[in-house]
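# Structure at a glance
So you can see what is in the structure, the chains are spelled out below.
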Amino acid sequence: MSYSTAAVSGRDYVGGLVGCHDGTIATSYSSGSVAGTERVGGLVGYNLGSIDTSYSTGSVIGTESVGGLVGWNHGTIATSYSIGSVTGTSNVGGLVGIALSSHITSSFWDIQTSSQTESAGGTGKTAVEMQTAGTFLDAGWDFVGETANGTEDIWKIAEGKDYPHLWWETTHD
């Protein structure tokens, strides 16, 4: 469990939480803006590892390999999402800018807030769909108060009012 609310800027391998990652990130988020040139992501700039049950909400600006969650993905991403605006020149995606030898499951991005209809992985949804528990429950996400997808109670949502948040966050209901 980790998070960052800081604005981050750099040149290459720039992420809201981690620049270059080859381990495991789980139940984490970033909410600050991210700006760079290449391999720029809202959570991770360059992913070689595993990202699970995580999200990013900040704006992401770069030139090449720019993604709302991950700029360049060579690893795995599961049960994660991004909603920040994404701006770039090439290999730009709502969730992932470019994905090579990667595996992305049950992950989403907001096509309206990101201004991106394409991504190198994940599924684009409208803001209304992204604020609906059913979108995520249908993909197997484990929410507080339901048992069909597990009993760990990882996610919570204020249905129709906000996007999913992690159970341990105290600033959101």
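The preceding data block contains the structure.
Read on for an overview of the structure. (Residues numbered from 1 in each chain as written. Predicted model: local features only at pLDDT ≥ 70, side-chain atom pairs only at ≥ 80, totals over all residues. Heavy atoms only, no water.)

### Points about the overall build of the chain
Check the secondary structure of the chain and you find three helices and 24 strands. Taken over the C-alpha trace, the chain has a radius of gyration of 14 Å; the compact-globule value for 173 residues is 16 Å, and the two agree within 12%. Principal-axis analysis of the C-alpha atoms gives the chain an extent of 45 × 30 × 30 Å. Across the 173 residues of the chain, 49% fall into the buried class. In the chain, of all internal contacts separated by at least 6 residues, the share reaching a separation of at least 24 is 64%. Looking at the chain as shown, the accessible area adds up to about 7200 Å², and 49% of this sits on carbon and sulfur atoms. Positive and negative side-chain charges of the chain, numbering 5 and 17 respectively, have mean locations separated by a distance of 6 Å. (Helix = DSSP H or I, 4+ residues; strand = E, 2+ residues; numbered from the N terminus. Rg over C-alpha atoms; globule rule 2.2 N^0.38 Å. Buried < 20%, exposed > 50% of the residue type's maximum accessible area, 1.4 Å probe, protein only. Contact = heavy atoms within 4.5 Å. Areas by Shrake-Rupley, 256 points an atom, 1.4 Å probe, with all protein chains shown as cover. Lys, Arg positive; Asp, Glu negative; His and termini not counted. Charge placed at Lys NZ, Arg CZ, Asp CG, Glu CD.)

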